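# Working through the structure, step by step
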Amino acid sequence: MPVWVDINSALIGFLVSRMLPVPLTPQEIIVVQTTAVATGTMPLAAGFVGILPALTLLSEERDGTPPIHLTWLSAVGWSCGVAFFGVFLSPPIRKQVIIEEQLTFPSGTATAQLISVLHKLPPPDTSVRHRIGYTQIDSEDGAAHSHGPSTIEPDVIEDELENEERETVEHDGWRILSWSFSASGLLTLFAYFFPVTFTIPLFGNYLAKEWLWYFTPSLSYVGQGIIMGFPTTVSMNLGMFVGWAILSPLSKYSGWAPGPVGDMTTGARGWILWTSLGIMCADSFVSLLPVLFDYIVELFSRGKESSQIDNAEMSHHETESEDRLVPVSWVIGGLVSSIVIGTILVWAVFGHDGIKPWATVLGFVLGGMLSIFGVRALGETDLNPVSGLGKISQLVFAWVQPGNIVANIIAGGVTEAGAQQAGDLMQDLKTGHLLHASPRSQFYGQLLGSSVSILVTTTAFTLYNQAYTIPGPSFPAPTAYVWLSLARLLRDGKLPENSAAFMIVFSLFFGTLSTIKTIAGRKRHWISQWIPSGVAFAIGFLNTPSFSIARLIGGVLEYIYRTRIAKDKSDIGLIVVASGFVLGEGVVSIISLVLQISGVGALSCWGCGHGLCGSCPSAS
């Protein structure tokens, strides 16, 4: 789940609560935020953007299994099977990483700071204020190059900044949100009736049609780029340039990928996918190593000191009373029930030939183990390496149930679901811990959000599948190809021609780069913020250029705003604008979906000669 979801949920909850006769308290806002995040986690945790589309790409000739298209009821059963394991996993992990280890969880901490500012509370007891990025570098550089002592007390500066942020939201929040929401929504609706708006051929129709070089000026993409930040968007676009401007033509003209460029089987897009997969695995593996090392060292140290430390004293780190915590009996009962019920539901949906029940149980157990590493990485770096954890599970199941592609994908999805949920919910629990919200109330919110999301997500997915082809031009779902391609590789052991060499070279390079970035980050060296992220670089490979270019515009706007306009580093106004951009397109896309299902098409297909306009006949 993107980190901006926590901040957006808290911000929108605050603005809406201002309209109520009695505004919500900070703790109630946190419960609202937690419920919203739990609801929004389901599309990712249940694999609606990866696992399920991958199953529709199966080929009976190649895979021995026909494509699997779940009905609405089957999708509900699958969602119920994986919806609650991560929720019941959260309380014990919270005690370990938030209470005992006191990990930072930057996004959760930033959300707590925002809620404190909006409610005129003292800042939470933490030194983290800004999002991870170059803002920390700016402050360090400023300290290093300042001339003479400052005459302004730091507390005064911080108080002025908080007052400015609060006034921005209270006085201008709705106005800023309204116009950014309206602008994004109107552009999205205009693009539905005139599809060329979101498929502008930057360098002519030939490069757009044959090489997929077109531009989507989506304000939602721009808003996401604003919140992602300049360093991440630059990493994505570096990957996009290397993948689509260098490796794609190289593989095509060398005869390694002779099919159409966009074909995931014989084309350049499928060829560069393997390099992207190698980069993601190498970067995720390296980022997990220090977490695993620290965990082993800590366990060893605790073992040696256990005889000297009173167990009762260990529990005194907990700041909440028992009546506000989730009882251990609930956790144990919930975990056992979710595994048993989940295994039965997965078997009912996919059958005995799809995946053995014992393999599903193993998937849940493996998901619980890997969740610990993923959450620790998230707590330290603000990145949840669920993609890498999913690949680890696929490797395990290639050995456990060899030759069964369906089982490999499903078991990997079960494992990833737990890690995804636990990580996303842990950010909210960190926010609640800093502002003294009841963990039990947040737990209720997580259960409620996950339950509601089963019906909402499944219904939305079914409607979108009726209106669009997924994966397809409008919704490419690139991660679906990653899941299926790795499952096929682990079964067949065959890669496209010469892709192995590039996969190895790029994996070694980014493994080394990630090692340097990790070491520099732990030493808080300024250069760590500017070393390209391997995962972001790989995403630039996976998606067409249109996906990355608009986000770079957002990243550049954010950089200019922070360094040239908002000298005080206050970015709350920019966050509100970005939130409006994302929400506007999201809401109006539902209207577009209704129009598509109702048979209302584009008003004009002018400019769609490249065949990339999803709602025009030429795109089919």
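Every value quoted in this text rests on a predicted model; they were computed, and no experiment measured them.

Moving on to the overall build of the chain. When its secondary structure is counted, the chain shows 24 helices and 0 strands. Counting every position in the chain, which comprises 620 residues, the buried fraction comes to 54%. The contacts of the chain with a sequence gap of at least 6 include a subset with a gap of at least 24, amounting to 81%. In the form shown here, the chain has an accessible surface area of approximately 26900 Å², with 66% of it arising from carbon and sulfur atoms.

Glancing now at the side chain of S546. As for its placement among the helices and strands, S546 is situated in helix α23 (residues 545-565). Of the residues examined, S546 reaches a relative accessible area of 5% and is grouped as buried. In contact with S546, other than residues within four places in its own chain, are Y214, F215, T216 and Y221.

Counting buried residues in helix α22 (residues 534-542) gives 7 out of 9 residues, a clear majority hidden from the surface. Here α22 has its buried residues at G534, A536, F537, A538, G540, F541 and L542. Looking at where α22 begins, the residue whose side-chain oxygen comes 3.3 Å from the main-chain nitrogen of A536 is S533.

A word on the confidence of the model for the chain. Caution applies to low-pLDDT regions: their predicted coordinates should not be interpreted in detail. Averaged over all residues, the pLDDT of the chain equals 80, while 83% of them reach at least 70. Per-residue pLDDT, averaged within each element of the chain, yields its smallest value for helix α8 (residues 134-145) (35) and its largest for helix α5 (residues 72-82) (93). Contacts of residues 127-154 to residues separated by more than four positions or lying in other chains number 39 contacts, the stretch itself having pLDDT below 50. With pLDDT under 50 throughout, residues 306-316 is counted as low confidence; its partners more than four residues away or in other chains account for 2 contacts.

Take a nonpolar patch on the surface next. On the surface, a nonpolar cluster with roughly 570 Å² of combined accessible area is contributed by V328, I332, V336, V340, I341 and I344. The class for V340 is partly exposed, based on a relative accessible area of 45%.

This next bit is on the pattern of salt bridges. In total, this model carries 3 salt bridges according to the counting rule given. Residue D63 is joined to R491 by a salt bridge in which the shortest nitrogen-to-oxygen separation is 3.7 Å. Pair noted here: D63 is in helix α4 (residues 60-63) and R491 is in helix α20 (residues 478-492), with a separation of 428 residues, a long-range link. Looking at D63, the relative accessible area reads 10%, which means it is buried. Residues E558 and R562 are paired through a salt bridge, measuring 2.8 Å at the closest nitrogen-oxygen approach. Pair noted here: E558 and R562 are both in helix α23, with a separation of 4 residues, about one helical turn.

Take the state of the cysteines next. For the structure on display, the rule yields 1 disulfide. Paired through a disulfide, C608 and C613 show a sulfur-sulfur distance of 2.0 Å. Negative torsions about the S-S bond denote left-handed disulfides, and the value of about -90° found for C608 with C613 makes this one left-handed. Of the two residues, C608 and C613, neither departs from the other in class, the shared state being buried.

Counted by the stated rule, this structure contains 22 aromatic pairs. An aromatic cluster is built from F506, F509, F510, F537 and F541, whose rings are joined through pairwise contacts. One residue, R551, lies across the ring of Y221, its end atom 4.0 Å from the ring centre. Above the face of the F547 ring, R551 is positioned so that its terminal group lies 3.7 Å from the ring centre.

On to the packing of helix α12 (residues 230-253) against α23. Running from amino to carboxyl end, α12 crosses α23 at an angle of 150°, the nearest separation of the two axes being 8 Å. As the angle between them shows, α12 and α23 are arranged roughly antiparallel. The two elements α12 and α23 cross, and the hand of that crossing is left-handed. Contacts between α12 and α23 involve F230, T233, V234, M236, N237, M240 and W244 from the former and P545, F547, S548, I549, R551, L552, G555, V556, E558 and Y559 from the latter. When its residues are assigned to classes, the contact of α12 with α23 shows 11 nonpolar, 4 polar and 2 charged.

Calculation rules
Residues numbered from 1 in each chain as written. Predicted model: local features only at pLDDT ≥ 70, side-chain atom pairs only at ≥ 80, totals over all residues. Heavy atoms only, no water. Helix = DSSP H or I, 4+ residues; strand = E, 2+ residues; numbered from the N terminus. Buried < 20%, exposed > 50% of the residue type's maximum accessible area, 1.4 Å probe, protein only. Contact = heavy atoms within 4.5 Å. Areas by Shrake-Rupley, 256 points an atom, 1.4 Å probe, with all protein chains shown as cover. Polar contact = N/O pair within 3.5 Å; in protein donor to acceptor, adjacent residues only side chain to side chain. pLDDT = per-residue confidence, 0-100. Patch = residues over 30% accessible without salt bridge, like charges linked within 9 Å, V, L, I, M, F, W, Y side chains within 5 Å. Salt bridge = Lys/Arg side-chain N within 4 Å of Asp/Glu carboxyl O. Disulfide = S-S within 2.5 Å. Phe/Tyr/Trp six-rings, centres within 6.5 Å; stacked < 30°, edge-to-face > 60°. Lys NZ or Arg CZ within 6 Å of the ring centre and 35° of its normal. Axes fitted to C-alpha atoms, helices over the stretch in contact; angles between N-to-C directions. Parallel < 35°, antiparallel > 145°, perpendicular 65-115°, else oblique. Left-handed = near helix turned anticlockwise from the far one by under 90°. Nonpolar A, V, L, I, M, F, W, Y, C, P; charged D, E, K, R; others polar.

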